[in-house]
Amino acid sequence: GGRFDHADRMFHSVSSSWASICKNHQDVKELVPELFAMPEVLTNRNRLQFGVKQDGVVMEDVLLPPWARGDARRFVQIMREALESDVVATELHHW
């Protein structure tokens, strides 16, 4: 069977990914459509073994920012509301 990528290269934390791309302009991430529509992509419901990072963190559910209050559905709802906001609609063509 197949194998998962190394745990240290897998998406595990929204906050750490945000911090990384803000510091390192060569670190390119894509906001996939699922982050705006499918909370289940943020949880490991089947408890697959994705491995352990070098710092000892076991890869489980994606760590969400504090404003999501640990709730993947809330995270997706707020992300979608932001995407569909008037501000984004007005400025999107500048990106």
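These numbers were taken from a predicted model, which means no experiment stands behind them.

Draft legend 1. Structural view of the side chain of Ser 13. The topology assignment puts Ser 13 in the segment before helix H1 (14–23). The class for Ser 13 is buried, based on a relative accessible area of 11%. There is a polar contact of 3.5 Å between the side chain of Ser 13 and the backbone nitrogen of Ser 15. Residues contacting Ser 13, with those up to four places away along its chain left out, are Val 62 and Leu 63.

Draft legend 2. The packing of aromatic side chains, seen in detail. What the rule picks out here adds up to 2 aromatic pairs. For the pair Phe 4 and Phe 50, a centre-to-centre distance of 4.6 Å together with 70° between the ring planes defines the contact as edge-to-face. With Phe 4 in the segment before H1 and Phe 50 in the loop between H1 and helix H2 (72–83), this residue pair connects regions lying 46 residues apart in the sequence. Judged by centre distance (5.3 Å) and plane angle (15°), the ring pair of Trp 67 and Phe 75 falls under stacked. Judged by relative accessible area, Trp 67 falls into the partly exposed class, the value being 38%. Residue Phe 75 is classed as buried on the basis of its relative accessible area, which comes to 2%.

Draft legend 3. Highlighting the pattern of salt bridges. As enumerated under the stated definition, the model contains 4 salt bridges in all. For Asp 5, the salt bridge goes to Arg 9, with nearest N and O atoms at 2.5 Å. The class for Arg 9 is exposed, based on a relative accessible area of 58%. Where Asp 27 meets Lys 29, a salt bridge forms, and the shortest distance between an N and an O atom there is 2.6 Å. A residue is classified by how much of its surface remains accessible, and Asp 27, at 18% relative accessible area, is buried.

Definitions and limits used
- Residues numbered from 1 in each chain as written.
- Predicted model: local features only at pLDDT ≥ 70, side-chain atom pairs only at ≥ 80, totals over all residues.
- Heavy atoms only, no water.
- Helix = DSSP H or I, 4+ residues; strand = E, 2+ residues; numbered from the N terminus.
- Buried < 20%, exposed > 50% of the residue type's maximum accessible area, 1.4 Å probe, protein only.
- Polar contact = N/O pair within 3.5 Å; in protein donor to acceptor, adjacent residues only side chain to side chain.
- Contact = heavy atoms within 4.5 Å.
- Phe/Tyr/Trp six-rings, centres within 6.5 Å; stacked < 30°, edge-to-face > 60°.
- Salt bridge = Lys/Arg side-chain N within 4 Å of Asp/Glu carboxyl O.

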